[in-house]
Amino acid sequence: MNYLKTKLTVGIAAILLSIVIPACGNEANSVQQQSEDGRPIIQFWHAFGGAGSSVEALVEEYNNYQNEVYVNATYQGDYLENQSKIQAAIAARNHPDVTVIEAGAIGAFAKAGALVDLGELVKQEDMSLDDFVPGLLGNSYWDDTLVALPFARSTPLLYMNKNMLEEVGLDISGPTTWDELEEYARKLTIPEERYGFTTATNTWLFEALVFQNGGEILSEDGKKSLFHSDAGVEALQYWMDMIDEGIMKNPPAERGFDVSQQDFVNQNAAMLFASTGSLGSILDSIEGQGFEVITSFLPKKEEFATPSGGSNLVILENTSEERQQAAWEFVKWMTEKEQTIQFSQATGYMPVRQSAIDSEDMQAIYENSPQFKVAVDQLAYARPRPMVPAYHELQVIITIEMQRAILEDGVSAQEALTAAAERGNELLSK
Amino acid sequence: MKLLNYLLKGLNWVLLLTVILIFIFPFFWMITTAFKSFSETMMFPPKWIPDQWLWQNFVDAWQSGPFLHYYINSITVTVSILVLQFLTVIPASYAFARYRFKGDRFLFALIMITLMIPAQLIFLPVYLQMSSWGLIDSLASLIIPFASSAFGIFLIRQAFKQVPNELIEAARLDQASEWKIMWKIMVPYAKPTIITFALFSFITHWNDYFWPLVMTNSELSRTLPVGIARLRDIDSGASWNLVMAGNMLLVVPILVIFFLAQRHIIKAFVYTGVK
């Protein structure tokens, strides 16, 4: 009797569940293939938090501008999170049509055959790529195939506290060489009170130094580390010497970008390397603090150089020809002159087209806030980040080894970088 | 003698106050930051109290996404998980605590092992499974994987083991069914432990970020933590004032529930401590 009752209860619970769960699935699973007005839907996953509203505004404009398709833009976490989601979604075959991928990770996706060959599409309609800023197209090719178009792009800049420079009588056009930067930092430092210079000791910025010193990060075929050559060791040593002397602050590795920016904004540091993408927030946060910020190129050693960062738009393979064409129309539109101007104005990312940079709108902005102009001028010296799939992991190792050389007594720059290079060669040869 | 007593009492107070301060500080920091202007969040030395209390931050955070949906989803998901966990965890704990059957130790060990595997490791197979059922981007994909809990089985089994055998035997003499014994004797006896587990489970799933982020693609099927994480920005750093305002929206329900359940939680810890 009781046994029966138990069985009955369990049975009812099971039936209830089997009703509730699929129902709950159907309701939320309403990712329709068609929009309300019957247009096919193109899924676009992006990785922009705060800046996301500008991306979504552009997409909405696109949906009003044409009536062939409806683009559905959704935020999927930061670059790394979005990329892991894409990988899982590809395995499950429910990935979106269009997404953004961080410049250095394009290779990993292209190698896996996940990205549509855009070169074919460009050829089909006789489109010219000449208008794209050459320095930003570097991370768009894999095996000589065009797989991505530049979208939200940035480079590092040298930020300076103009008032502090004037206070100690330094030329406000800023240091142009490594030696000058060191000299500036020394003069700007007040022991126990402020540092002359600070930056995240991070691989992205290390790349800049290696390039400036005439070095390379990886061999051309991407199979060997070259960053532990003299050019790389000298670069790291240069930072280590300034840190030892107490004229450069080494922020904690984990939040290096945040902490160094905070020190700069709070006038605990006079100069800073940070992304162009930070310009907007730096200008916002110094409002009413009584000082001015000026920007300039990263100083040179042998030559001026800067790595470009940020993300590119890609179309993911395995959608039908029609969807691919529709996705392509959207990607093309997003990177056109008007849209890149609008996005750049809203976020501080750089315009990706020369005609946009030359436009009256942008020129007016550069006139008003010359800090933005520097980033664009510096593009002439922009270099692509290494694109081989293993670099994704290697760059973390390089950052860790740099920290080890800086923080641990008795570890030389050469030792640390060689250790990273050996790990790197293992990863690269896979 | 009396003096010594007072001194000890005073010392006790000082110690307790220090502990309270340590625990309160993050909350204090969150609350004040939620009201600051952006430039105030960047100041160092920090401004403890904002010049102006900006309620606007909450409006901005709320309007940054479909927050009402996030709330409804968060509540639906956590409540469903809790209900399912009760239905699966309590009978399982009862069986493991009170029955000897073939392979019981092996099964229990198997359950304990799942405690040691992080979600990041198994998300891909689960994702593929959910995808083949067509459940990706649905609330079901956030609920089903957590329909039971190894931690809960472990915790409640321990509590069930402490129920005196005499009680159960007396009930059996009165011809109570196993079902009745479980719900009428075991569960009330282990109530503080069960409430504690429910609270742990609630907090875990209410705050979970990784799982909902992976399993859902569209804003309308997402939960609060994913919506709040969106307030961060990649290249330009975070607007901490908005992030903290968002966090307040997330934390307040937890605090309310905690204060409601506080009495039982303390009891549960006392029970396990006094043994």
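None of the values given here were measured: they were computed from a predicted structure.

Just checking my understanding: could you explain the overall build of chain A for this structure?
Counting its secondary structure elements, chain A contains 19 helices and 14 strands. For the C-alpha atoms alone, the extent of chain A along its principal axes is close to 85 × 65 × 50 Å. Of all intrachain contacts in chain A linking residues separated by at least 6 positions in sequence, the fraction that spans at least 24 positions is 73%.

It is not clear to me how the environment of Pro351(A) should be interpreted in this structure. Could you clarify?
All names here are of chain A. Relative to the assigned elements, Pro351 resides in the loop between helix H14 (337-347) and helix H15 (354-358). C-beta crowding within 10 Å serves as the criterion here: with 30 such atoms nearby, Pro351 is assigned to the buried category. Distance from Pro351 to Leu136, taken between C-alpha atoms, is 9.9 Å for residues 215 residues apart in sequence. Apart from residues no more than four positions distant in its own chain, Pro351 is found in contact with Thr340, Ile341, Ser344, Ala356, Ile357 and Met362.

Is there a simple way to think about the domain arrangement of chain A in this case?
Reports often express the size of an interface as the amount of accessible area lost when the parts come together. Residue and element names in this part refer to chain A. Under the domain assignment used here, chain A contains domain 1 (41-154 + 309-370) and domain 2 (156-307 + 390-429). On a C-alpha basis, the centroid separation for the pair domain 1 and domain 2 is 29 Å. Of the residues lining the interface, nine residues belong to domain 1; the matching set on domain 2 comes to nine residues. Taken together, the residues of the side of domain 1 that touches domain 2 sort by class into four nonpolar, five polar and no charged.

What's the story with the UniProt feature "transmembrane region" (unreviewed entry) in chain B in this structure? I'm lost.
UniProt annotation of "transmembrane region" (unreviewed entry) refers to residues 12-35, 70-94, 106-127, 139-160, 181-203 and 240-261 of chain B when read in the numbering used here. A distance of 36 Å separates the end C-alpha atoms of residues 70-94 of chain B, which is 100% helix and 0% strand.

Please explain the nonpolar core as it appears in this structure.
Generally speaking, soluble globular proteins have nonpolar side chains that are buried together. Ranked by internal contacts, the top residues of the largest apolar core, which has 141 residues, are Leu115(A), Phe197(A), Met271(A) and Ile315(A). Residue contacts for Phe197(A): discarding those within four places in its chain leaves Leu181(A), Ala185(A), Met242(A), Ile247(A), Met248(A), Ala269(A), Ala270(A) and Met271(A).

Could you clarify how one ought to interpret helix H11 (residues 256-265) of chain A in this entry?
Each α-helix winds once per 3.6 residues, and so residues spaced three or four apart point in a common direction. H11(A) sits mainly inside the fold: seven of its 10 residues count as buried. With its phi angle positive at about 65 degrees, Gln267(A) sits one or two positions after the end of H11(A).

Which parts of the structure should I look at to understand the packing of helix H10 (residues 230-245) of chain A against helix H18 (residues 391-407) of chain A?
Geometry of a packed helix pair, given as the angle between the helix axes and the separation of the axes. Residues and elements named next belong to chain A. Here H10 crosses H18 at 40 degrees, and the two axes come no closer than 10 Å. Judged by the inter-axis angle, H10 sits oblique to H18. The two elements H10 and H18 cross, and the hand of that crossing is right-handed. Residues Leu236, Met240 and Ile243 of H10 pack against Met402, Ala405 and Ile406 of H18. Each residue belonging to the contact of H10 with H18 can be placed in one class, and the counts come to six nonpolar, no polar and no charged.

Sorry, what's going on with the domain arrangement of chain B here?
Residue and element names in this part refer to chain B. Here the domain parsing of chain B yields domain 1 (1-54) and domain 2 (58-274). Averaged C-alpha coordinates put domain 1 and domain 2 at centres separated by 31 Å. Taken together, the contacts link eight residues of domain 1 with seven residues of domain 2. Secondary-structure elements contributing two or more residues to the side of domain 1 that touches domain 2 are helix H1 (2-35) and helix H2 (38-41). For the side of domain 1 that touches domain 2, the element with the highest residue contribution is H1, accounting for four residues.

Cut-off values and rules
Residues numbered from 1 in each chain as written. Chains lettered and ligands numbered in written order. Predicted model: local features only at pLDDT ≥ 70, side-chain atom pairs only at ≥ 80, totals over all residues. Helix = DSSP H or I, 4+ residues; strand = E, 2+ residues; numbered from the N terminus. Contact = placed C-beta atoms within 7 Å. Buried ≥ 20, exposed ≤ 12 C-beta atoms within 10 Å, placed from the backbone. Domains from an automatic or database assignment. Nonpolar A, V, L, I, M, F, W, Y, C, P; charged D, E, K, R; others polar. UniProt positions renumbered as here; feature names shortened; annotations may be inferred. Core = buried A, V, L, I, M, F, W, Y, C linked by C-beta atoms within 7 Å. Axes fitted to C-alpha atoms, helices over the stretch in contact; angles between N-to-C directions. Parallel < 35°, antiparallel > 145°, perpendicular 65-115°, else oblique. Left-handed = near helix turned anticlockwise from the far one by under 90°.

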